[in-house]
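# Summary of structural features
Letter by letter, the chains look like this.
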Amino acid sequence: MNPFNYQRATAPEQAIHAITAHNAKFLGGGTNLVDLMKDGVEHPSTLVDINRLNLTQVTATPSGGALIGALVRNSDLANHEMIRRNYPLLSQGLLSGASPQLRNMATTGGNLLQRTRCYYFMDTAFPACNKRNPGSGCAALAGFNRIHAILGTSAGGSGDATECIATNPSDMNVAMAALDATIHVEGPKGKRAIPFAEFHRLPGKTPQIETNLRPDELILAVELPAPKFAKNSWYLKVRDRQSYAFALVSVAAGLEMNGSTIKSARLALGGVAHKPWRSLEAERSLAGTTAGAAAFRKAAELAVAGARAREHNAFKIELAKQSIVRALTLAAEGPQGVQA
Amino acid sequence: MIDTPLEQQKERQLGHRYDAFAKVTGRAKYAAEFPVKNVAYGHIVQADIPAGTVVSIDDAAASRASGVHSIVTPFNAPKLAELGNVNVLQNATVLYSGQPIAVVVARSLPEAQAAAALLRITYKEEAAKLDFKGLLNDARPPKRGGASRRGDPEASAAKAAVTIDETYTTPIQNHNPMEPHATIAWWEGDRLSVYDSTQGISGVQQALARAFSIPQASVHVECPYTGGGFGCKGYVWSHTILAAMAAKAAERPVKLVLERPQMFGPVGSRPNTRQHIKLAAAADGKLLLQQHDSVCYTSMISDWVESAANQTTLLYDSESLSTSHLVVPLNLGMGTWMRAPGEATGSVGLEIALDELAEKLNMDPVELRLVNYAEKDPRQGKPWSSKHLRECYAQAGERFGWSKRVARTGQHREGNSLIGHGMATANYGAGRSPSSAVVRILPNGRVFVGIGTQDLGTGTYTILAQAAALAFSIDPAMVDVKLGDTSLPHSGGSGGSTTAASVGPAVYDAAAQARLKLAQLAAGDAQSPLHGVAAEEIETKDGRIFLKTASGTGPDKSEAITALLARNGGTPVEATATSELVKDRDSFTSHSWGAVFAEVAVDADTHMVRVRRLVATYDIGTLLNDKTGTNQLVGGLVWGIGMALHEESVIDTKYGRTVNENFAEYHVPVNADVGEIDVTCLNIPDFRFNPLGARGIGEIGITGAAAAIANAIYNATGKRVRDFPITPDKLMA
Ligand SMILES: Cc1cc2nc3c(=O)[nH]c(=O)nc-3n(C[C@H](O)[C@H](O)[C@H](O)COP(=O)(O)OP(=O)(O)OC[C@H]3O[C@@H](n4cnc5c(N)ncnc54)[C@H](O)[C@@H]3O)c2cc1C
Ligand code: SF4
């Protein structure tokens, strides 16, 4: 770990001022950032500790939605009464992630920005990683890419010098993508709101830039619109062990039902792309149909359309399809309790 | 020592671990936790390339960095005596990525790490050999051992009614005990002291003495507690010697603790295996041929063979047999012992092959094993010192409900789960090594036991307190045990499931001799009620010494041991003994056995596997302590779950690094992965093997377990996965 300065902010303005220092970073729960600092992947010159900011509440919005402070811990959020009742999909997603200890530390803002678990990114002894060291190549392309992306990659276009097939590893993000959240941020130029779909980026030619949040902007809160899918939703996570493992593939499914007819649907995938992968095509195909295997299979095909496999991750395409059908089936069966 | 009946041994069992209180309260100190004045922190710098030479290390900036005391590199390291297999900066050759190439010593660990990042290292890279599959043509016989042959394999195979001919593969694994390797070393003149987390303090003492060309008596090693070893602390690796070297260079004590990623490479691995197995059987299931050919990687440093085919030579009878081992040299860290080296991997191949054979024969898998039951050691026809494997199959099968198993695959469904049942045989060898111990009867009536062995968390303290308690017929709570110090009588390394069988009898013998001395003392003491009695006629129990024929309670021929000692100068009575191996040990084979049954649930859509139940029964001789013994077996089974479903060190074939070198990505079972576990032991003493009848228990638990689970997965799904671990993707194919 490199030497660094440490500052503690007690108000958002103070934090936003402090972050303008060269190469400064906000410190949330530290469960991702500090690990990466120890591993030599991140070397901020200054850590601006935001844990004292008053961004720790979950409140109801006038429009019937929820506003989640950026410092609400993952465990508090998952177990919040209103969240469990109105957004069980989010609770389920959160509880499927990491371990209780990590969830007690992890913040909503930090989870939004957690970085990929690509092995080659996390171990600086691998010389080639366009995300860590732009232009150096991508060791995952010819390496062990079982956990890597099948959707939204640079589709063979950009070549080794900019390519990246990393995934966004978060479970929370997949649920929030399906719930159509909005992210409220504040920077030196003031506040703005970023729709969830526009928050995370595909790698394109700049895999080192993962979100559209500017480096000097502070996440204040995540807003969820009024609940539509509380009765019929499911978060399904497929992983290599029963708990404490990142998703091979995960599915956040929400259905707005009218009898056995689907009024509207939400479908987002995790573990398959550089960002939480929401499939509007699949959602549109479900709307107006009768819930059932045929409709779900069609949606599954549409959701992974254009998928491109690498040497070790071809299984994800079929696994994603099977998981989508299962998650939609379970969602349609609802209402479901949240499983810890 | 005389054979000690089970009931007597049971009476002296400790109900809890001897060291439980110290561990739970944090009073038990592990190697890195000892306070040592002026200690500096070492950080090992590792090679980033898999093959080549370190051309230069520019340490100018690092040397100036805050808190740095010294930097040892191949270019300034003191020359040591030839050590064989460890990399201790004696040359600049790089044989694997992760090899130690420098040590930075600083005031604090963060300062050492920060300075290490400032080193400017240049290499001359060479082509590395990394792709096991691609290099199978390089496979060669290992320098030592490997092959065996019985009967006429070709002729036997030709007679077969049914044949199985398949290849099974297991991946590289890394041990990762909770406590990583750690050493604190310091010099006082030419005397070297270390705290080291190890499975063998005497081995550490020898290696350090040899490395620095000093007498063994000048090296003092302490290790009161080892936080797990599983084999990777059975060898003296670079860090121990580097810590001593760095302490010399920095002229102060140096603490060197390996970081988790450093556990992947520099301290050994279980090599991968590629096992080709051919089984040929007659229509009644009798094995005509067992052929088991295993290939594993070995490092460029030295040959290490994961001897997967060895157990096949003795597990079942067959008309003919042929086994072999080959190695493919790769630019990776060394292989080493890892819990049941050979049996853990070999039982995966053989026990799945038998399951495949049973299916082809339309025979129950247990029945197939019974048909080929080895009544004698098939290698030379020697009798077993004790073998009750039949009872294991019966008992575990009964507890599991095996008779209700449906042989046809894919028949049992609960909701989205496919349920399956499978079984396998467990086995592991039994060995002993000579060991010495000292026992002292203290004036206050307590008993002190000292022995230069170590407790890896397995229960060595506990069973030694029991052994002394047994010899004196006292409450084991009256016994104080000291281990893990080279100033105590010499004992061997803790490995190969030999510890209990080696050190238990040594302590018992030393205690018996101390008791005899005490009796002689009484007999020679004019004031003792036992004056003039023959020492052999005297016994002890619950702190009193008395005539064998007397009740021991009356005042006539009996007295308190404390009173006897008080009258005789108030000094302890002490004896040292070395346990002898039984004389006729070449006339039989000792081996441990077991049967494992597994029930799994496989999700039909996600292909995630959950092990719902493991039921196992073992024949391991005397179960010395119910809690610590059963705990070893349960731990082995849990590891079997990991072997079946999770564990794999993935090597990048271009860079030669383990890509998943941390606990987030190197998966071992978590609590949610472990279903119900039911372990029982037959508890039939093997007195031919040793007077306690105990054969050692540390490793057998992992054997067979992974195969039983794999066989259950097949029964559930109809998919035979022969490549481990069995992850969801492999069940989709
Ligand atoms: C072993 C392990 C297993 C895990 N398994 C899972 C899993 O299965 N599923 C899963 O989803 N996650 C998993 N995680 C990841 C975990 O969810 C994240 O580490 C956590 O959510 C990050 O939150 P944090 O508050 O600790 O972030 P930090 O580490 O503090 O910060 C992360 C990043 O966010 C920035 N940041 C933090 N807060 C703000 C803010 N308010 N405004 C602007 N920037 C901010 C920081 O500067 C930093 O760049 C795992 C982590 C570990 C270590
Ligand atoms: S996939 Fe992305 S993060 Fe991983 S090595 Fe390639 S460029 Fe780096």
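Residues numbered from 1 in each chain as written. Chains lettered and ligands numbered in written order. Predicted model: local features only at pLDDT ≥ 70, side-chain atom pairs only at ≥ 80, totals over all residues. Heavy atoms only, no water.

### Describing the overall build of chain B
For clarity, the cut-off: In this text, helices come from DSSP runs of H or I with a minimum length of four residues, and strands from runs of E with a minimum of two, each type numbered from the N-terminal end. Radius of gyration: over C-alpha atoms. The globule rule applied is 2.2 Å multiplied by the number of residues raised to the 0.38 power. Each residue's exposure class comes from its accessible area (1.4 Å probe, protein chains only) as a fraction of the maximum for that residue type: buried when under 20%, exposed when over 50%, partly exposed otherwise. We call two residues in contact when some of their heavy atoms are within 4.5 Å. Note on areas: these come from Shrake-Rupley sampling with a 1.4 Å probe, and a residue is covered only by the protein chains present in the view. The charged-residue count follows a simple rule in which Lys and Arg add positive charge and Asp and Glu add negative charge, with His and chain termini not counted at all. To locate a charge, take atom NZ for lysine, CZ for arginine, CG for aspartate or CD for glutamate.
Of the regular secondary structure elements, chain B holds 16 helices and 27 strands. By the compact-globule yardstick of 27 Å for 733 residues, chain B fits well, its C-alpha radius of gyration being 28 Å. Across its three principal directions, the C-alpha atoms of chain B cover 85 × 75 × 50 Å. Going through the 733 residues of chain B one by one, you find that 63% of them count as buried. Sequence separation of at least 24 residues holds for 80% of the intrachain contacts in chain B that already meet a minimum separation of 6. Just so you have it, chain B exposes about 26100 Å², and 50% of that area is on carbon and sulfur atoms. Charge-centre separation for chain B: the mean point of 69 positive side chains lies 1 Å from the mean point of 76 negative side chains.

### Brief notes about the environment of threonine 606 of chain B
Structurally, threonine 606 of chain B can be placed in the loop between β25 (591-603) and β26 (609-619). We classify threonine 606 of chain B as buried; its relative accessible area is 3%.

### Describing the interface of chain B and chain A
Note: interface size is frequently given as the accessible area lost on complex formation between the parts. Under the convention used in this document: As used here, buried area is the combined drop in accessible area, with a 1.4 Å probe, of two parts when they are placed together. A side-chain nitrogen of Lys or Arg and a carboxyl oxygen of Asp or Glu constitute a salt bridge if their distance falls within 4 Å. N or O atoms within 3.5 Å of each other form a polar contact, as long as, within protein, one can give a hydrogen and the other can take it, and as long as residues adjacent in sequence are counted only when both atoms are side-chain atoms. Three categories are distinguished: nonpolar for Ala, Val, Leu, Ile, Met, Phe, Trp, Tyr, Cys and Pro, charged for Asp, Glu, Lys and Arg, and polar for the others, with Gly belonging to the last.
In this complex, chain B contributes 34 residues to the contact, which on the side of chain A involves 31 residues. At the boundary of chain B with chain A, total buried surface from both sides reaches about 2800 Å², with 60% on carbon and sulfur atoms. Here arginine 326 of chain A ties to aspartate 603 of chain B by a salt bridge, and the two come within 2.6 Å at their closest N and O atoms. For the pair chain B and chain A, the interface holds nine residue pairs in polar contact (both at pLDDT 80 or more). Among the elements of the structure, α4 (109-116), β26 and α16 (728-732) of chain B are those that each provide at least two residues to the side of chain B that touches chain A. Looking at the side of chain B that touches chain A, its residues break down into 16 nonpolar, eight polar and ten charged.

### With respect to the domain arrangement of chain A
Put simply, the test is: Domain start and end points were adopted from an automatic or database domain assignment.
In terms of domains, chain A is made up of domain 1 (5-52) and domain 2 (233-332). Taken over C-alpha atoms, the centre of domain 1 of chain A sits 36 Å from the centre of domain 2 of chain A.

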